[in-house]
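# Residue-level structure breakdown
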Amino acid sequence: MVKISVILPIYNIANFLEESLKSVLNQTLKDIEVICINDGSTDNSLEILNKFAKKDNRIKIIDKKNEGTGVTRNIGLNEASGDYIYFFDPDDYIVENTLYELYENITLNNSDFVLLKIARFREDTDEIDYSRPGFKLEDIFPNKDFNNFVFNYHDTKYYVLNASFAPWTKLYRKEFLDSYDDFIFDSVPAFEDVPFHVKSMLRAKRISYVPKFLYRYRYNPNSNSNDPIHGKFIFKICKLVEEILRKENLFEEFIDEFILFKINQILAYLIPASSEEYFQKAKIEFRIIEKKFLNDEIKKKIPMMTLQKFNLILKSNSLYEFINLKMIQEENENLSKINQEINILFKKLNNQYNNLYLIQQSSKQKKRSITLKKSSEDILDYIENKSKS
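None of the values given here were measured: they were computed from a predicted structure.

By the secondary structure assignment, Ser45 is in helix 2 (residues 45-55). Looking at Ser45, its side chain comes within polar contact range of the main-chain nitrogen of Ala14, at 3.3 Å. Apart from the residues within four sequence positions on either side, Ser45 is in contact with Ile10, Asn12, Ile13, Ala14, Leu17 and Asn38.

Here you go:
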């Protein structure tokens with residue numbers, strides 16, 4: 001039995017596959033198996049896999065018809081023989097000590113899974129963005145030795161529903177996943193990782209964390225997650241998440257976090273979907289939230305800009321009207337910012353003018369003092385000369 005099974009769902013990713021595979025095969029932790037499931041690719045992804053498999057016997061290839069990422073990951077999970085499971089997306093890459101760092105942490109802590117931090121990059125720039133790590137638990141648990149520290153959802157409620165849902169942010173203990181019969185990815189064409197993440201966070205008794213940027217996420221506009229046509233599936237995902245919370249008898253405990261999750265997820269795909277049908281569904285869901293759940297306490301926890309968009313959808317009769325009202329609102333906000341900047345500038349100019357005036361007055365006063373002093377000295381000299389004569 002190997003230490004880690006790395007599972008790669010592969011579909012038409014030939015452009016990035018070699019780089020991604022090399023990042024896995026060149027890991028400092030060598031005792032791994034790499035399960036590559038070709039999900040009916042129509043490019044040369046399978047050819048690349050076969051080329052790598054001839055050189056490295058740790059690669060196992062499964063070729064099948066196209067069924068989507070969720071079904072593909074489930075097949076990999078069933079085939080895995082490792083003590084631990086790592087799901088990896090083949091358009092990204094991991095730094096060379098990623099699996100070692102995760103393995104060391106999860107074994108030292110005997111945790112159900114361990115979390116890592118994400119760095120992001122684009123093909124057209126050399127810069128790496130560290131501003132959205134997915135998890136930043138050192139802020140919640142300062143000054144901790146994370147190789148000797150575990151926690152659970154009670155300590156990190158926000159991260160259950162409002163964090164990075166991606167499975168590649170975690171190394172799972174296989175025994176933990178096998179202890180439940182429903183740890184599978186949904187067959188929905190997008191966002192299948194969200195319910196899996198929520199179940200993981202709720203059920204794990206011991207979660208650990210490596211506070212390092214070990215994963216490199218490539219912004220790929222052609223990836224499944226960035227396809228606007230998939231936005232409509234977010235409604236099903238929200239329903240699945242609510243069902244999970246109710247099944248675990250945790251809905252009331254997570255009501256605030258769930259409302260924020262649902263609003264954020266629906267808003268995220270409203271403009272990309274660019275669909276009147278999507279808008280009307282969003283409005284129905286927001287109306288239910290407003291009537292059943294939204295109170296002053298929950299409103300305080302929702303960011304102001306999010307709440308403004310929420311209210312704007314309820315006011316609008318169509319997507320077109322929403323976009324127009326949003327543009328007007330943004331223009332008004334921009335004008336307000338400009339006015340504020342002008343006021344600040346005027347204050348600065350006024351202060352500068354006052355300072356200049358004071359300097360000028362001080363200079364004039366100084367000149368007068370010098371003149372008076374000179375006049376006094378002249379008079380004294382005159383008197384002195386007169387007295388001598």
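Let's shift gears to helix 7 (residues 193-203). Burial analysis of helix 7 places eleven of its eleven residues in the buried class, the great majority of the element. Turning to helix 7, its buried residues number three or more, namely Asp193, Val194, Pro195, Phe196, His197, Val198, Lys199, Ser200, Met201, Leu202 and Arg203.

Once that is clear, we can look at the environment of Cys238. Secondary-structure assignment places Cys238 in helix 8 (residues 234-247). Residue class for Cys238 comes out buried when judged on its relative accessible area of 2%. Considered as a pair, Cys238 and Pro195 are 43 residues apart in the sequence and their alpha carbons are 8.9 Å apart. Contact partners of Cys238, with chain neighbours within four places excluded, come to Phe258, Phe261, Lys262 and Gln265.

Attention now goes to the environment of Glu175. Secondary-structure assignment places Glu175 in helix 6 (residues 174-178). Residues Glu175 and Asp112 lie 63 residues apart in sequence; the distance between their C-alpha atoms is 8.3 Å.

Two quantities define a packed helix pair, namely the angle between the helix axes and the distance between the axes. One way to put it is that helix 11 (residues 276-292) packs onto helix 13 (residues 304-315) with a least axis distance of 9 Å and a crossing angle of 110°. Here helix 13 runs roughly perpendicular to helix 11, going by the angle between their axes. Here the hand of the crossing between helix 11 and helix 13 comes out left-handed. Between helix 11 and helix 13, the residues in contact are Phe279, Lys283, Phe286, Arg287, Ile289 and Glu290 and Phe310, Ile313 and Leu314, respectively. In terms of residue class, the contact of helix 11 with helix 13 is built from six nonpolar, no polar and three charged.

Right, let's get into the packing of helix 9 (residues 255-268) against helix 13. It is the contact of helix 9 with helix 13, at a shortest axis distance of 11 Å, that shows an interaxial angle of 70°. As far as their axial angle goes, helix 13 and helix 9 are roughly perpendicular. Of the two elements, helix 9 crosses helix 13, and the hand of that crossing is left-handed. Residues Ile263, Asn264 and Leu267 of helix 9 form the contact with helix 13, whose participating residues are Thr306, Lys309, Phe310 and Ile313. Residue classes in the contact of helix 9 with helix 13 are distributed as four nonpolar, two polar and one charged.

Of all the eight residues making up strand 2 (residues 32-39), eight are buried; the element is thus mostly covered by neighbouring parts of the structure. Residue alternation in strand 2 divides its side chains into two sets, Ile32, Val34, Cys36 and Asn38 and Glu33, Ile35, Ile37 and Asp39, and both sets are buried. With seven bridges connecting them, strand 1 (residues 4-10) and strand 2 associate as parallel partners. Of the residues in strand 2, the one forming a bridge with Pro9 is Ile37. What joins strand 1 to strand 2 is helix 1 (residues 14-25), and the crossover it makes is right-handed. Where strand 2 lies against strand 3 (residues 59-64), six bridges are found, and the strand directions are parallel. Note that in strand 3 the partner of Cys36 across the bridge is Ile61. In this fold, the crossover linking strand 2 to strand 3 by way of helix 2 has right-handed handedness.

Every other side chain in a regular strand lies on the same face of the sheet, so the side chains alternate between the two faces. Residues Tyr84 and Tyr86 point to one face of strand 4 (residues 84-87) and Ile85 and Phe87 to the other, with burial holding for every one of them. For strand 1 and strand 4, the ladder comprises four bridges, and the chain directions are parallel. Bridged to Ile4 within strand 4 is Tyr84.

The biggest cluster of nonpolar side chains holds 74 residues, and the ones touching the most others in it are Leu161, Leu202, Ile234, Val241 and Phe286. Beyond its immediate stretch of four places on either side in the chain, Val241 contacts Leu161, Val194, Val198, Phe258 and Phe261. Core analysis: the second largest hydrophobic core is formed by 38 residues, Ile4, Ile13, Tyr103 and Tyr215 among them.

So, on to the pattern of salt bridges. By the definition in use, this model includes 28 salt bridges. Of the charged contacts, one joins Lys212 and Glu101 as a salt bridge, the two residues approaching to 2.9 Å between their closest N and O atoms. Highlighted residues: Lys212 in strand 9 (residues 207-218) and Glu101 in helix 4 (residues 98-109), separated in sequence by 111 residues. According to the relative accessible area criterion, Glu101 is buried, its value standing at 13%. In this structure, Asp182 and Arg203 form a salt bridge, with 2.7 Å as the shortest nitrogen-oxygen distance.

What follows is about the packing of aromatic side chains. Enumeration over the complete set of coordinates arrives at 33 aromatic pairs. A connected cluster of aromatic rings, assembled from ring pairs, spans Phe87, Phe113, Tyr172, Phe176, Tyr180, Phe183, Phe185 and Phe196. Lying over the aromatic face of Tyr219, Arg122 brings its terminal NZ or CZ to 4.2 Å of the ring centre. Positioned above the aromatic ring of Phe183, the side-chain terminus of Arg203 is 5.2 Å from the ring centre.

As a further point, take helix 13. Taking 1.5 Å per residue, twelve residues should reach 16 Å; helix 13 reaches 16 Å between its end C-alpha atoms and fits that length. Every buried residue of helix 13 is listed here: Thr306, Leu307, Phe310, Leu312, Ile313 and Leu314.

Cut-offs applied
- Residues numbered from 1 in each chain as written.
- Predicted model: local features only at pLDDT ≥ 70, side-chain atom pairs only at ≥ 80, totals over all residues.
- Heavy atoms only, no water.
- Helix = DSSP H or I, 4+ residues; strand = E, 2+ residues; numbered from the N terminus.
- Polar contact = N/O pair within 3.5 Å; in protein donor to acceptor, adjacent residues only side chain to side chain.
- Contact = heavy atoms within 4.5 Å.
- Buried < 20%, exposed > 50% of the residue type's maximum accessible area, 1.4 Å probe, protein only.
- Axes fitted to C-alpha atoms, helices over the stretch in contact; angles between N-to-C directions.
- Parallel < 35°, antiparallel > 145°, perpendicular 65-115°, else oblique.
- Left-handed = near helix turned anticlockwise from the far one by under 90°.
- Nonpolar A, V, L, I, M, F, W, Y, C, P; charged D, E, K, R; others polar.
- Pairing = 2+ DSSP bridges.
- Right-handed = clockwise from strand over helix to strand, strands pointing away.
- Core = buried A, V, L, I, M, F, W, Y, C linked by side-chain atoms within 4.5 Å.
- Salt bridge = Lys/Arg side-chain N within 4 Å of Asp/Glu carboxyl O.
- Phe/Tyr/Trp six-rings, centres within 6.5 Å; stacked < 30°, edge-to-face > 60°.
- Lys NZ or Arg CZ within 6 Å of the ring centre and 35° of its normal.
- Expected span 1.5 Å × (residues − 1).

Scope: geometric values only; no functional claims are made or implied.
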